[in-house]
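# Observations on the three-dimensional arrangement
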Amino acid sequence: MKTWISAIAGTAMLTLGACENLTENQRTVAGVAGGAAAGLLTAEALGADDDWRLISALGGAAAGTVVAQNQNNRVCAYARGDGTYYEAPCP
């Protein structure tokens, strides 16, 4: 089962690399779907119950949306070390 989950996660990571030529809306949808899948796979791998699977899928979808939007804007968030963040152009 863990090998199967690892294979799906690896395939998802390679597929997300192909999002370079997408429009802003397509990139957001791909981020939501990829993030939700990653959250759900993580919950499944940890043996979480149905409530935690839903929460992790929603959290993953939110994170995927933020990553997709940041890649579109080419702005990254950096930690200052004191719990605050600042935005700057991505390297």
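The following paragraphs examine the structure supplied in this document.

Turning our eyes to something else, we now look at the overall build of the chain. Across its full length, the chain carries 3 helices and 2 strands. Of the regular secondary structure in the chain, the N- to C-terminal order runs α-α-α-β-β. The proportion of buried residues among the 91 residues of the chain is 19%. Considering only contacts in the chain between residues 6 or more positions apart, those separated by 24 or more positions represent 42%. Carbon together with sulfur atoms contributes 62% to the accessible area of the chain, which is approximately 6,600 Å² in total.

A few words on the pairing of strand S1 (residues 75–79). Relative to strand S2 (residues 85–89), S1 runs antiparallel, the two sharing 5 bridges. Opposite Ala77, over in S2, you have Glu87 as the bridge partner. Between S1 and S2, which pair antiparallel in sequence order, lie 5 residues; one of them, Gly81, sits at a positive phi of approximately 100°.

Here we take up the side chain of Thr65. With respect to the secondary-structure elements, Thr65 resides in helix H3 (residues 50–73). Among the polar contacts listed, one links the side chain of Thr65 to the backbone oxygen of Ala61, at a separation of 2.8 Å. Every residue in contact with Thr65, bar those within four places of it in the chain, is listed here: Thr28, Gly31 and Val32.

Applying the stated criterion across every chain yields a total of 2 salt bridges. For Arg53, the salt bridge is made with Glu44, and the minimal N-O distance between the two is 3.4 Å. Among the ionic pairs, Arg53 bridges to Asp50, the shortest N-O distance being 3.4 Å. Of the two residues, Arg53 and Asp50 both sit in helix H3, 3 residues apart, roughly one turn of that helix. Arg53 gets classed as partly exposed once you look at its relative accessible area, which sits at 23%. We classify Asp50 as exposed; its relative accessible area is 58%. Connected through salt bridges with shared partners, the residues Glu44, Asp50 and Arg53 form a single ionic network.

Parameters at a glance
- Residues numbered from 1 in each chain as written.
- Predicted model: local features only at pLDDT ≥ 70, side-chain atom pairs only at ≥ 80, totals over all residues.
- Heavy atoms only, no water.
- Helix = DSSP H or I, 4+ residues; strand = E, 2+ residues; numbered from the N terminus.
- Buried < 20%, exposed > 50% of the residue type's maximum accessible area, 1.4 Å probe, protein only.
- Contact = heavy atoms within 4.5 Å.
- Areas by Shrake-Rupley, 256 points an atom, 1.4 Å probe, with all protein chains shown as cover.
- Pairing = 2+ DSSP bridges.
- Polar contact = N/O pair within 3.5 Å; in protein donor to acceptor, adjacent residues only side chain to side chain.
- Salt bridge = Lys/Arg side-chain N within 4 Å of Asp/Glu carboxyl O.

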